[in-house]
Amino acid sequence: KHRADQDVVMAYAEGYELAYYMCFIETLRQTGFNGDIVMAIAGYELLAKNVVDYLKSQQNVIVYIHELQCFESDGFTPSKRKMKR
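Rules and cut-offs
Residues numbered from 1 in each chain as written. Predicted model: local features only at pLDDT ≥ 70, side-chain atom pairs only at ≥ 80, totals over all residues. Heavy atoms only, no water. Helix = DSSP H or I, 4+ residues; strand = E, 2+ residues; numbered from the N terminus. Phe/Tyr/Trp six-rings, centres within 6.5 Å; stacked < 30°, edge-to-face > 60°. Buried < 20%, exposed > 50% of the residue type's maximum accessible area, 1.4 Å probe, protein only. Pairing = 2+ DSSP bridges. Right-handed = clockwise from strand over helix to strand, strands pointing away.

(A) Looking closely at unusual backbone geometry. Phi at asparagine 50 is positive, roughly 75 degrees, even though this residue is not glycine. Along the chain, asparagine 50 turns up in the loop between β2 (36–41) and α2 (51–57).

Right, here's the structure in full:
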């Protein structure tokens, strides 16, 4: 849970390899930032191998699941997600 008395950086990221998350978090920490890092993802199954373990191992990193609802261009018709890589 995000600590209300701390600064926070919020990000939405999924579909990246472990190195991307490591670079983001470790570079942020190297700046001296010691607040919370809140990551939102649509589901753990969308994360590359070892990413969940890495995120759980990091101090003050909070991961929230936020299911995305996708729609066709008309804005009403439900659509399947298309992951771009």
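(B) How the structure looks around the packing of aromatic side chains. For the structure shown, the criterion picks out three aromatic pairs. Measuring from centroid to centroid gives 3.8 Å for tyrosine 16 and tyrosine 20, while their planes differ by 10 degrees, and the two rings are stacked. Under the relative-accessibility criterion, tyrosine 16 is labelled partly exposed at 35%. Judged by its relative accessible area of 42%, tyrosine 20 is partly exposed. Taking the centre distance of 6.3 Å and the plane angle of 75 degrees together, the rings of tyrosine 16 and tyrosine 21 count as edge-to-face.

(C) Spotlight on the environment of arginine 3. Mapping arginine 3 onto the fold places it in the segment before β1 (8–12). Judged by its relative accessible area of 29%, arginine 3 is partly exposed. Expressed as a C-alpha distance, the spacing of arginine 3 and aspartate 36, which sit 33 residues apart in the sequence, is 7.1 Å.

(D) Structural context of the pairing of strand β3 (residues 61–65). Summarising the sheet, β2 and β3 pair through five bridges and their orientation is parallel. Paired with isoleucine 37 across the two strands is valine 61, which belongs to β3. The parallel pair β2 and β3 is bridged by α2, and the resulting crossover is right-handed.

This is a description of form; function is not addressed.
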